[in-house]
Amino acid sequence: TFHKNPELSFKESQSARLMANDLKALGFEVTTGLGDKWTKAKATKDAGKVHDGVGGYGLVAILKNGDGPVLMLRADMDALPLEEKTGLAYASKVVSTDYKGQTAPVMHACAHDSHMAMLIGAARQLVALKDQWRGTLILLGQPAEEIGLGALALLDDGLYTKFPKPDFVLAAHTSGWDPAGSVAYTSGYALANVDSVDITVRGVGAHGSAPHMGKDPIVIGAAIVNALQTLISRETNPLESGVVTVGAFQGGYKHNIIPDEATLKITVRSYKDDVRQHLLEGIKRIARAQALSAGLPESLMPLVKVESDYTPSTYNNPELTTRVVKAIAASLGEDRVMERPPSMGGEDFSQFGRTTDGIPTFIWWVGGVDPAAWRAAQDGTAPSPPANHSPQFAPQPEPTLKTGVQAMTAAALELLRK
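Quick caveat: nothing in here was measured; it's all calculated off a predicted structure.

1. Details of the environment of I224
Note on placement: I224 falls in helix 6 (residues 217-228). For I224, a relative accessible area of 0% corresponds to the buried category. Put simply, I224 and L264 are 40 residues apart on the chain and 9.3 Å apart in space, counted from C-alpha to C-alpha. Apart from residues no more than four positions distant in its own chain, I224 is found in contact with I199, V201, L264, I286, A287 and Q290.

Take a look at the structure:
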């Protein structure tokens, strides 16, 4: 049902309602958000001031079972603006309008449908096993992970003040890079800071036959692209990690016209905040330096815009990671749990551990790929199967969901054990 009826970021009303109905029936005290009231407030820069609720269509479900720790389990709910091409009997045919008014086909191409299903499955297990644990269990339905704003929306709406403050926050994410039936994890930095930077390179237009009469922003932009590579190769400690990728370079209209403007769109990835700051400042410095070397006046210096909404790096608390992984391995079997290197992908789950409270957090991966196809890809005898954000991504439902529910249940029982 979740897969067939995906909803875009900040539009997750039906998903939240379905989750709320199930969790209420299990005895959870459920609070849901106020939907569009949050997004309208965000649009008017008054988020956190003129509304109540929990981050748009967010959901908070609480079950108290005596004295003990407070554990929060999170599942994100939103889908992607993508036309599904899996051929599944329950494939999405939904076309919807996002919270900014743009229309697009919608698909759960990042498996958030499985996250909601796993959370409900773990809730059923933990209710049935109430005699084995003590404390407060909070289940969180998070909106808008795909645009990196949902976790902040929940925190802005008082997630840690209106509701019991958690001692731990956990999440699982279905992976198109790991075999179904397995769990993968990373201790410490697991996912990256993700920044988006736009550079408008300005110049002086001229006829293509007379380049000396102008200042070519395409040539200046190309110099910027080349110089940006040194931020990683010559300015970042080789023992640290960073990525500066120019994903788009746009300028000009015709063969024989030197334009007066070109644009660069850049994604910047890092783990540590000081590395992030150095890369962002370096982009500004390099853009300005290349413009000066081309002889541009101060009035035509490049315009560099760093998007204010960014996804911070995700840090898996090592002590919490070790404790939870041990419990998951004891439940699933050690041969089904594997450690893997960190990724330069991003996840706004990071926000839950970045408040002044310093709450330990841990997110792990639940494999979703057919094991035979995964092994063939590892051997190089077949291409890698479609993974997250692909219109063909289709996790194997039964082993993926069962593994996810079992792992999440084992983690909760460990942290809430008597």
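2. Looking at the confidence of the model for the protein chain
Fine structural detail should not be taken from predicted coordinates in areas where pLDDT scores are low. Taken over all residues, the pLDDT of the protein chain has a mean of 94, while the share at 70 or more is 95%. Contacts from residues 38-52, a stretch scored under 50 in pLDDT, to residues over four places away or in other chains number 24 contacts.

3. Here we look at the sheet that holds strand 15 (residues 303-306)
In spatial order, the strands read 12-14-10-15; together these four strands make up an open sheet with antiparallel pairing. The sheet is open, and its two edges are formed by strand 12 (242-251) and strand 15, each paired on a single side. Averaged over all pairs of adjacent strands, the angle between their axes in this sheet comes to 20 degrees, without regard to strand direction. Strand direction decides the pairing type here: strand 10 (residues 193-202) and strand 15, joined by four bridges, are antiparallel. Residue pairing for strand 15: I199 is matched across the bridge by V304.

4. So, the nonpolar core
Grouped together as the largest cluster of nonpolar side chains are 47 residues, with contacts concentrated most on L170 and W364. Leave out the neighbours within four places in its chain, and W364 touches L170, A171, A172, H173, V183, A184, Y185, V324, I328, A407, M408 and A411. Core analysis: the second largest hydrophobic core is formed by 22 residues, V197, A227, L228 and A287 among them.

5. Comments concerning the side chain of T136
Inspection of the secondary structure assignment puts T136 in strand 6 (residues 135-142). Looking at T136, the relative accessible area reads 9%, which means it is buried. Ignoring any residue separated from it by four or fewer positions in sequence, one finds T136 in contact with I62, L63, K64, P69, V70, L71, P164 and L416.

6. What about the pattern of salt bridges?
By the definition in use, this model includes 16 salt bridges. Residue R124 is joined to D22 by a salt bridge in which the shortest nitrogen-to-oxygen separation is 2.7 Å. Of this pair, R124 sits in helix 3 (residues 112-128) while D22 sits in helix 1 (residues 13-25), and the two are 102 residues apart along the sequence. Looking at R124, the relative accessible area reads 47%, which means it is partly exposed.

7. Topic: the packing of aromatic side chains
To describe a pair of aromatic rings, one takes the distance between the centres and the angle between the planes. Applying the stated criterion across every chain, the model contains five aromatic pairs. Aromatic pair F362 and W364: ring centres 5.3 Å apart, planes at 40 degrees, arrangement tilted. Grouping residues by exposure puts F362 and W364 together as buried. A connected cluster of aromatic rings, assembled from ring pairs, spans Y189, Y271 and Y315. Across from the ring centre of Y310, 3.6 Å away, lies the NZ or CZ of R276, which sits over that ring.

8. Side note on the sheet that holds strand 1 (residues 29-32)
The strand order across the open sheet built from eight strands is 1-2-6-3-7-18-8-17, with neighbouring strands paired in mixed fashion. Of all the strands in the sheet, the pair left with one neighbour each is strand 1 and strand 17 (337-339). With strand direction ignored, the average angle separating the axes of adjacent strands in the sheet is 25 degrees. Where strand 8 (residues 183-185) and strand 18 (residues 361-369) come together, two bridges link them in antiparallel fashion. Bridge assignment links A184 to a residue of strand 18, and that residue is W365.

9. Considerations on helix 1
Compared with an ideal rise of 1.5 Å per residue, which puts 13 residues at 18 Å, helix 1 spans 18 Å between its outermost C-alpha atoms and is within 8% of the ideal. Along helix 1, the residues that are buried comprise S15, A16, M19, A20 and L23. Relative to the axis of helix 1, the buried residues are bounded by an arc of 130 degrees and lie together on one face. Buried residues along helix 1 sit in contact with strand 1, strand 2 (59-65), helix 3 and strand 6.

Cut-off values and rules
- Residues numbered from 1 in each chain as written.
- Predicted model: local features only at pLDDT ≥ 70, side-chain atom pairs only at ≥ 80, totals over all residues.
- Heavy atoms only, no water.
- Helix = DSSP H or I, 4+ residues; strand = E, 2+ residues; numbered from the N terminus.
- Buried < 20%, exposed > 50% of the residue type's maximum accessible area, 1.4 Å probe, protein only.
- Contact = heavy atoms within 4.5 Å.
- pLDDT = per-residue confidence, 0-100.
- Pairing = 2+ DSSP bridges.
- Axes fitted to C-alpha atoms, helices over the stretch in contact; angles between N-to-C directions.
- Core = buried A, V, L, I, M, F, W, Y, C linked by side-chain atoms within 4.5 Å.
- Salt bridge = Lys/Arg side-chain N within 4 Å of Asp/Glu carboxyl O.
- Phe/Tyr/Trp six-rings, centres within 6.5 Å; stacked < 30°, edge-to-face > 60°.
- Lys NZ or Arg CZ within 6 Å of the ring centre and 35° of its normal.
- Expected span 1.5 Å × (residues − 1).
- Arc of directions from axis to C-beta.

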